[in-house]
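# Fold and contact review
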Amino acid sequence: MKRGFLNSSKAKQQNEQSTSLPVTKAKLVSKLSHGVVPNAGKGQIPKGYESGFGTRKFFELNATSLDYDPDLYVCTAVPLVTMDAKLSDVPGGWAECVLSGHVKRMIHTTPGFPRRPLSPANGKKLYRIGEAGSKGLGMFATRLIRAGEIIIDERPMMVATASTNSIVSPDDMAKLSVEQIRQIGLREWGKFMKVVFDRMPPENQKAFMELANSHTQDGSDDITGRIRTNGVVTGFRDRNSSGAQGRYTAICKDISRINHSCRPNASWSWHTDSFSLRVCAVRDIRAGEEVTVAYCDALAPASERAEALVPYGIYDCNCGPSCSDPAGIRIGDKRRDRFRFEPVVVFAPHVPPKVGEAPDAWVKPALRRFRELEAEGLEGCNEYHRTAYQLINVYCFLQDVEKVKKYASKIKGVHRVIEKKEFPASFSSAEGIERSQYYQMSEMRKKAGIPEYEPILISFA
Ligand SMILES: C[S@@+](CC[C@H](N)C(=O)[O-])C[C@H]1O[C@@H](n2cnc3c(N)ncnc32)[C@H](O)[C@@H]1O
C-alpha cells in the first residue's frame, strides 16, 4: 500500500502532511546566528510569538498526488513507500522530506526516477567511519581509491528546507530585532522539521541523533542543529527563489560524516533520478587516508573560506599553508585569483620552435596552471577540468599518447562531478586517442604538409 491509501486513524498519521502556510506569503529570514547567542531560544522570543507554526492547521494529503499548489510545503517520503515499509525492504532506503508542491512534482517527473543509488562494484564498501582527531568522526578509505571512483552513493535520511521560513509579518518585522526574528524563524523551522523527523523510521531517527551538532547554543534545537551541521545542498530548489531561499539540504547517515578540507580529495554531486548524493574521488586517495570535501568555495580567498566555515563550528581550518601560514595564504590567494579570473587558453605557436626547444614548449602556461592547481589541492574545481581538457587535446594534437593517458587519468574525478558522467574511455587507449579529433587533425595537416606551428586554438570542451 502506498502512503496515503489507508483510512484508519493510524494510517492517516502516515499520509503526507502539509502546512497551510504557503511559501510565498512567508516573510523569509535566511541568515541565522551561530556560536553563542545570549538568551537563545525562549529568552529571545517575545510574548505572542511562542506558538506560531505549532498552532497552524496540518492537513493530510494523498501521497501519490502531484496535484498541489506549487507553493505549499508537503511532508512526504521520497520515493513513496508502503505503510509498513522497513528500511531493509527498500533498496537504497527512503528520505523523509519537506518539499514544495513544485519540487515534489519536479522530482517525481524526473526521467528515470526513482533509480536505485549505485552500489560498490563487488558489494564491498570503499570506506569506514572512524575517529578523525579533533574533528570528531570522519570517513576513511579502506583501499586505494582512484580519481574518478565513486566512493559512496547515498540516499539521505532527511531532506529539509535549507532556510527558516519565518512567519513574521512585515508589520511585526518593524517591532522586532533581527535576532528576535531569527530566533522565531528557528523555532518555527524546528517545529516543522520535528514533523519530518517523527515520520522517519526508528533506525534513521537514531542515526540522525548520533550525528554531530555544532549548533547547541544559538537557539537551534536538537533537530535543526543537526540539519545545520550536517546538511548538504541538493540540486533542486523552489520556483521563483534565489540565493539561499528555496534551497533544500540533505542529511545522510555516512556522507554527513565527511569532514571539510580546503584541499579536498573528493567532491559530491546531487542526482535527482536516484534521489541520492554521490561522492567521487577527485584525485587518488591512499588506503587509510581521510576522505574530505569542501564545505565552502575552495577557490575563494582564505579569509572568505574561514568566514564560511564558522557556522560549521570550524574556527581554525588547518588544511595546509594556504589556510594557516601568512606567506602561504598570500601565495594561495594570488593563485586562486588567477584560477578564477585568468583562465589559461593555449594556442599552437605561429612560429617554428626555437632550436633545442621541446615540441610542447608552447603548452607551458597550461602545464604551469595544472601544477599550481595540484599544489593547491584543487583537483575538484572547474579550472582543473578545463585545463586538463586542454592538455588532453594538445597532446592528441602533438600525438603524444602517453601524455594524453596521463591527463585523462587525472580528469576522471572532476569530470564525473561536473558532467555527472564518466570521462570517455577512448582517451585511455592508443587506438581511442588515434581516433580523436585533434589527433586526426594533426594527421591531416601532416599529410597536407602544414607545419604543426600553424595557428590553431586548442579548444577545451
Ligand atoms: C558534517 S559534520 C562532519 C562529521 C563530524 N566530524 C562528525 O563527527 O560526525 C561537520 C562537523 O565536523 C567538524 N569538522 C568538519 N571538518 C572539520 C575541519 N576541517 N576542522 C575541524 N572540524 C571539522 C565540525 O565540528 C563540523 O561542525
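Note that the coordinates shown come from a computational prediction; the quantities given were computed from them, not determined experimentally. (Residues numbered from 1 in each chain as written. Predicted model: local features only at pLDDT ≥ 70, side-chain atom pairs only at ≥ 80, totals over all residues.)

The next point concerns the overall build of the protein chain. Per the secondary structure count, the protein chain includes 14 helices and 14 strands. The proportion of buried residues among the 461 residues of the protein chain is 42%. Of the contacts made within the protein chain by residues no fewer than 6 positions apart, 73% connect residues no fewer than 24 positions apart. (Helix = DSSP H or I, 4+ residues; strand = E, 2+ residues; numbered from the N terminus. Buried ≥ 20, exposed ≤ 12 C-beta atoms within 10 Å, placed from the backbone. Contact = placed C-beta atoms within 7 Å.)

Here the focus is the packing of helix α11 (residues 382–397) against helix α12 (residues 401–419). Across the interface, α11 lies against α12 with an axial gap of 9 Å and an inter-helix angle of 150 degrees. Taken as axis vectors, α11 and α12 run roughly antiparallel relative to one another. In terms of crossing hand, the pair formed by α11 and α12 is left-handed. Each of Asn382, Tyr384, His385, Ala388, Tyr389, Leu391, Ile392, Tyr395 and Cys396 in α11 lies in contact with α12, whose residues at this interface are Lys403, Val404, Tyr407, Ala408, Lys410, Ile411, Val414, His415 and Ile418. Here the contact of α11 with α12 is composed, by residue class, of 13 nonpolar, three polar and two charged. (Axes fitted to C-alpha atoms, helices over the stretch in contact; angles between N-to-C directions. Parallel < 35°, antiparallel > 145°, perpendicular 65-115°, else oblique. Left-handed = near helix turned anticlockwise from the far one by under 90°. Nonpolar A, V, L, I, M, F, W, Y, C, P; charged D, E, K, R; others polar.)

Here we come to the sheet that holds strand β5 (residues 127–131). Pairing within the open sheet is mixed, and its four strands lie in the order β5-β6-β14-β11. In this open sheet, the two strands that pair with only one neighbour each are β5 and β11 (259–260). By the bridge criterion, two bridges tie strand β6 (residues 137–141) to strand β14 (residues 290–293) in an arrangement that is antiparallel. Within β14, the residue paired with Met139 across the bridge is Val291. (Pairing = 2+ DSSP bridges.)

The immediate surroundings of the ligand are formed by 18 residues, with Gly136, Leu137, Ala212, Ser214 and Asn259 found nearest. For the shell around the ligand, the secondary-structure elements that each account for two or more residues are β6, α6 (222–230) and β11. Its residues assigned to classes, the shell around the ligand comprises six nonpolar, ten polar and two charged. (Near = placed C-beta within 6 Å.)

Now for unusual backbone geometry. With omega at -10 degrees, the peptide bond leading from Val78 into Pro79 counts as cis. Relative to the helices and strands, Pro79 is located in the loop between β3 (72–78) and β4 (95–100). Of note, Gln399 is a non-glycine position whose phi angle comes to about 55 degrees, a positive value. Mapped onto the secondary structure, Gln399 falls in the loop between α11 and α12. A residue is classified by how many C-beta atoms lie within 10 Å of it, and Gln399, with 18 of them, is partly exposed. Phi at Lys420 takes a positive value of approximately 60 degrees, unusual for a residue other than glycine. Residue position: Lys420 is located in the loop between α12 and α13 (430–434). Overall, Lys420 belongs to the partly exposed group, with 14 C-beta atoms counted inside 10 Å.

Residues of the protein chain with pLDDT of at least 70 account for 85%, and the chain-wide mean is 85. Every residue in residues 1–14 is under pLDDT 50, and counting partners more than four places away or in other chains gives 26 contacts. Note on residues 53–57: pLDDT under 50 across the span, and nine contacts to partners over four residues away in sequence or across chains. (pLDDT = per-residue confidence, 0-100.)

For the rest of this paragraph, the subject is the environment of Leu186. Along the chain, Leu186 turns up in helix α4 (residues 178–199). Sequence separation of Leu186 and Gly41 is 145 residues, and the distance between their C-alpha atoms is 8.3 Å. Look past the residues within four positions of Leu186 in its chain and what remains in contact with it is Leu32, Thr164, Gly219, Ser220 and Thr224.

The strand order across the open sheet built from three strands is β7-β13-β12, with neighbouring strands paired in antiparallel fashion. Looking at the sheet topology across the chains shown, the edges are occupied by β7 (150–154) and β12 (266–271). Within the sheet, the average angular offset between the axes of one strand and its neighbour, ignoring direction, is 15 degrees. Pairing of β12 with strand β13 (residues 276–281), which is carried by six bridges, proceeds in the antiparallel orientation. Paired with Ser269 across the strands is Arg278, a residue of β13. Against the sheet, α12 makes contact with β12 and β13, and its axis sits at roughly 160 degrees relative to β13, the strand it touches most.

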